[in-house]
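One letter stands for each residue in the lines below.
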Amino acid sequence: MTVYIGAEHIISPLGNSAEENFTNACEGKSGIRLVKNGNFKQDSDLYLAKFDEGVNLDAIVNECFNSLHIDKSVLTSNKTKIIFSSTKGYLSDGIEHALVDVINKFILSEQLSNTPILISSACISGVVAIAKAGELIKANFYDNVIVIGIDFLSDFVVYGFEALYALSKEVCKPFDKDRIGINLGEACSAVVLSKNEPIFNEPPLEFVSGSSSNDANHISGPSRTGEGLYRSIQKTLSSGNISKSDIGYISAHGTATKYNDTMEAIAFNRHGLENVKLNSLKGYFGHTLGAAGVVEVSMAMQQLRHQKVLQSLGYANSGDDENLNIITTTEPHQFNAFLKTASGFGGGNASIVIKKT
Amino acid sequence: MNYITTYCRITSNSISVNDCKTESNTTDLSSNLLEVYKNEALKYPKFHKMDLLAKAAFVGSELILKENTALGNYKDDEIALLFSNSESSEHSDSKFETSYKNNNPSPSQFVYTLPNILLGEIAIKNKWFGENIFLVSPTFDAGEIKQQIELMLMNSSKACFCGWVNVSDSNVDVFLFTIEQNQTEGIELTEINLITLYNK
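Please read these numbers as outputs of a predicted model, since none were measured by experiment.

**Q** Just checking my understanding: could you explain helix α1 (residues 18–26) of chain A for this structure?
**A** Since the α-helix advances by 3.6 residues per turn, residues separated by three or four positions end up pointing in the same direction. All names here are of chain A. The complete set of buried residues in α1 reads A18, N21, F22, N24 and A25. For α1, the angular spread of buried residues about the axis comes to 165°, placing them on one side. Buried residues belonging to α1 abut β1 (3–11), α9 (282–285), α10 (292–306) and β12 (308–309). G28 lies just past α1 and shows a positive phi near 80°.

Quick look at the structure:
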């Protein structure tokens, strides 16, 4: 069975549709901006990919859902499942029910046939959600799955990452030798998977396979050997019957912390994928946590559709012993399939492959 | 066929494994978990660093592994972890929020403000490299859980280690169970059987 994926949508500080985000990224624009005295002690500037004041966060999810470029009957169909991915949900309304209210509010505001589920597996949530969506369709449990990733900035999350000394004082530099940490971001993004090609207003791509694997190493530190990421890529390639030479582009996780990016470089090298063109999109969106996987898959789909790969913003010089083919200029590139990976707290790693139909 | 092969229920004052129940005279979950940790000689110093959510899941998982030693025969990536709850990491979220409102944001508490951290704790303890997923849902949803288990077992996993874990002061509700394929003993995996065990 072919599982189609399309109708990608992104609402982020960089743009209000996948196309707009992609066009702006092609022009070298970034959603990350300086927030004066944004840190905990309010004495130091922070770089965040933050929506303008006045943006109604509660309305964004519904806006994203209702503007998907698909046959609208799919939204209410009893053959359709919705999977959210988020780490903190509506935390700005208070801690209690912050995450489960993503589901509760959505049920009240939309006509749905099935109760949505929400995956909260830290930074890999979005990639896991898309992998699960593909599996649900292949297993014939549903005909269509809509994956919606959301996470919004909050003092809670900013102060937490600051306490971990994980925030960069400048715009982040994934995979660069001078990288010193992450910029946080917020976004809402969606993709639609279906076994029915005609539901898509524009021609879809094909979801091939996906998987997740734990590092079994540390709850907040990356594995030194990249074992979990290595194993997830292995499972994804073998279950999708994809050979490494089919992969024309890698959308890496690339948070711009020292140890994460090194871990990824090790895992890609262990697979012999070091010559495949690769970028991190964190320089455009910051790290949008539970939304990141969906945002970055949507952007990778745009790159595949346009046969054009984006500069890995913030990268200039390699800082790792393990080499990677990091994209330094946004440029045309002919390719048929990409690999998307994510790694995160809790030792989670996930990967998926998407190709042209 | 898929079978429920072991199950464990933890409330604020009782812990049972496969219906063998131990009751405590306090309803302090933290001290009751510590009591089990000592009595069962679990000897895992990282336990003391865990938040309450991870401690409850960890103690339950250790009791299940003692009861069902055959789980040790699976390869290191054949056991999937599937946990869910309705409260996410709220217990640790409020502790971290208090810490930064008191001008001292605690990095060690922040790390536990993600519900899937407990999956990492169990994976690290057992050196399990398998599939992991954490779901948040309004209530214990047996149909959804059964479907997710079936997906995992259709793909690369041979067994599922599952749990429903809420640990707030007003709602200690922990239910752990294992699902294995092609067993001759156990309770058939059905929605009704899951609900019956959950309500026991």
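**Q** Explanation requested: empty space enclosed by the protein in the structure shown.
**A** The gaps of empty space that remain are located by a probe, the size of a water molecule, rolled over the atoms. Tallying each qualifying case throughout the model produces 8 cavities of 30 Å³ or more. The computed volume of the largest cavity comes to approximately 110 Å³. T87(A), K88(A), A122(A), C123(A), V157(A), F161(A), L289(A), F345(A), F110(B), V111(B), T113(B) and L114(B) together form the lining of the largest cavity. Breaking the lining of the largest cavity down by element, the ones donating at least two residues are α6 (155–163) of chain A together with α4 (107–111) of chain B.

**Q** Just to check I follow, could you spell out the pattern of salt bridges for this structure?
**A** Pairing between side chains of opposite charge can happen when the charged atoms of each approach one another. Under the defined criterion, the tally for this structure stands at 27 salt bridges over all chains. Residues D93(B) and K88(A) are paired through a salt bridge, measuring 3.1 Å at the closest nitrogen-oxygen approach. Taken together, the residues D93(B) in helix α3 (residues 90–101) and K88(A) in the loop between β4 (80–85) and α4 (100–109) connect one chain to another. For the pair formed by D93(B) and K88(A), the shared burial category is buried. In this structure, E97(B) engages K101(B) in a salt bridge whose closest nitrogen and oxygen atoms are separated by 3.6 Å. Of this pair, E97(B) and K101(B) both sit in helix α3, 4 residues apart, which is roughly one turn of that helix. Its relative accessible area of 57% is what places K101(B) among the exposed residues. When salt bridges with common partners are traced through the structure, they connect E227(A), R231(A), R270(A), D76(B) and D77(B) into a single cluster.

How each quantity is defined
- Residues numbered from 1 in each chain as written.
- Chains lettered and ligands numbered in written order.
- Predicted model: local features only at pLDDT ≥ 70, side-chain atom pairs only at ≥ 80, totals over all residues.
- Heavy atoms only, no water.
- Buried < 20%, exposed > 50% of the residue type's maximum accessible area, 1.4 Å probe, protein only.
- Helix = DSSP H or I, 4+ residues; strand = E, 2+ residues; numbered from the N terminus.
- Arc of directions from axis to C-beta.
- Contact = heavy atoms within 4.5 Å.
- 1 Å grid on protein atoms, 1.4 Å probe; cavity = no way out; pocket = protein on both sides within 12 Å on 5 of 7 lines; lining within 4 Å.
- Points joined across faces, edges and corners; volume = space filled by probe spheres on them.
- Salt bridge = Lys/Arg side-chain N within 4 Å of Asp/Glu carboxyl O.

As far as function goes, none of this settles anything; it's purely spatial.
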